[in-house]
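Single-letter residue listing:
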Amino acid sequence: MQGNQSTVDPAEVAKFEAMAAEWWDLEGKFKPLHMLNPCRLDYISQQIATEFGCNLKAGLPFKGLRILDIGCGGGLLCEPMARLGATVVGADAAAGNIPVAQLHAQQSGLDIDYRHITAEALAEAGEQFDAVLNMEVVEHVASPEAYLLACQQLLRPGGLHICSTLNRNPKSFLFAIIGAEWVMRWLPKGTHDWNKFITPDELFTLLSAAGLTPVDRKGFVFQKFGWSWSLSAQDLSVNYVTASVKPA
């Protein structure tokens, strides 16, 4: 395999490095992710269970599966995947996130392999996984095309790639930038660059170009009256998630 150049954007990494200590603060800067996490986990778990024939009602249903969470942050997805029995690697380009994730996993009695490393470096090392979780990262990298190719290289044949991001349209600017950053102040101003948002059709094209076969997409919809999130097959106007597979 030829050497892969890093797609890490240092300015984007610095944003999250500055917030690293707040990953597990339910009322801190990552409050939106904590609110979204149950909905994300439901989608991820169902997709993995369907793809690999797992019974989610059984004990440790993901036992035997090796799962990578790229851009793992403080471990909000790694920990539930480990509790479901998976062997989990959490990777992040922001070095400050790793000790936070390691400490919380240790306090939770979980064995998770956290690494300060990029997707490209993992691919170059020949690492292989049954599933790659790529959540809210692709809109922060320097080259989505090269980044998604690295994610594809990290999958075993028949592996599952789950990728979520933000749609690019006037509504997403209103809700994700003005609403979340300026009005609600859930995130610091400048966390997201609307110009880097990717439409669902664009993402499917990028996934296909990277050698993956898109199989599903759903929207994450915020229910303002219940202050919760739900999945939608129709509304992908702001936050959305996709599933794709690497041909066997």
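Computed from a predicted model, the values in this text were never measured in an experiment. Position numbers for residues count from 1 along each chain, tracking the sequence in the order it is written. The predicted nature of this model means local features are confined to residues of pLDDT at least 70 and side-chain atom pairs, given and counted, to a pLDDT of 80 or more, with totals for whole chains, interfaces and linings taken over all residues. The side-chain values count all of the structure's non-hydrogen atoms but skip hydrogen atoms and water molecules.

### Examining the environment of phenylalanine 62
The way it works is that DSSP assigns letters per residue, a run of H or I at least four long becomes a helix, a run of E at least two long becomes a strand, and they are numbered from the N terminus. Within the secondary structure layout, phenylalanine 62 lies in the loop between α2 (31–52) and β1 (66–70). Residue exposure (1.4 Å probe, protein chains only): buried if accessible area is under 20% of the type maximum, exposed if over 50%, otherwise partly exposed. Owing to a relative accessible area of 0%, phenylalanine 62 belongs among the buried residues under this scheme. Linking phenylalanine 62 and glycine 85, residues 23 residues apart in sequence, is a C-alpha distance of 4.8 Å. Filtering out sequence-adjacent residues up to four positions away, phenylalanine 62 remains in contact with Ser45, Ile48, Ala49, Cys54, Leu56, Ile67, Met81, Leu84, Gly85 and Ala86. Working rule for contacts: check all heavy atoms of both residues, and any pair within 4.5 Å makes them a contact.

### With respect to the packing of helix α6 (residues 144–153) against helix α8 (residues 200–209)
Put simply, α6 and α8 touch, their axes get as near as 9 Å, and they point 55° apart. In this view, α6 runs oblique relative to α8, as classed from their interaxial angle. The handedness of the crossing between α6 and α8 comes out as right-handed. Residues Pro144, Glu145 and Leu148 of α6 form the contact with α8, whose own contacting residues are Leu203, Leu206 and Leu207. Amino acids are sorted into nonpolar (Ala, Val, Leu, Ile, Met, Phe, Trp, Tyr, Cys and Pro), charged (Asp, Glu, Lys and Arg) and polar (every other residue, Gly among them). Looking at the contact of α6 with α8, its residues break down into 5 nonpolar, no polar and 1 charged. A fitted line through C-alpha atoms serves as each axis, taken over the contacting stretch for helices, and the angle formed by two N-to-C directions is quoted from 0 to 180°. Roughly parallel here means an angle under 35 degrees, roughly antiparallel means over 145, roughly perpendicular means 65 to 115, and every remaining angle is called oblique. Note on convention: near helix rotated counterclockwise from far helix by under a right angle means a left-handed crossing. Clockwise means right-handed.

### Observations concerning the side chain of glutamine 152
Position of glutamine 152 among the secondary structure elements: in helix α6. Once residues lying within four places of it in the same chain are set aside, the contact partners of glutamine 152 are Ala210, Gly211, Leu212 and Lys246.

### Focus: the sheet that holds strand β2 (residues 87–92)
Strand order in the open sheet made by the 8 strands is β3-β2-β1-β4-β5-β8-β6-β7, with mixed pairing throughout. Looking along the sheet, the strands with just one partner apiece sit at the ends: β3 (113–116) and β7 (228–232). Geometrically, the sheet is characterised by an average inter-axis angle of 20° between neighbouring strands, direction not taken into account. Along the sheet, helix α4 (residues 97–107) contacts β2 and β3; its crossing angle with β3, the most-contacted strand, is approximately 170°. With respect to the sheet, α8 is in contact with β5 (155–166), β6 (213–223) and β8 (239–245), its orientation differing from that of β6 by roughly 150°. Pairing between two strands is assigned when DSSP locates at least 2 bridges connecting them.

Remember that the coordinates give geometry; whether it matters functionally is a separate question.
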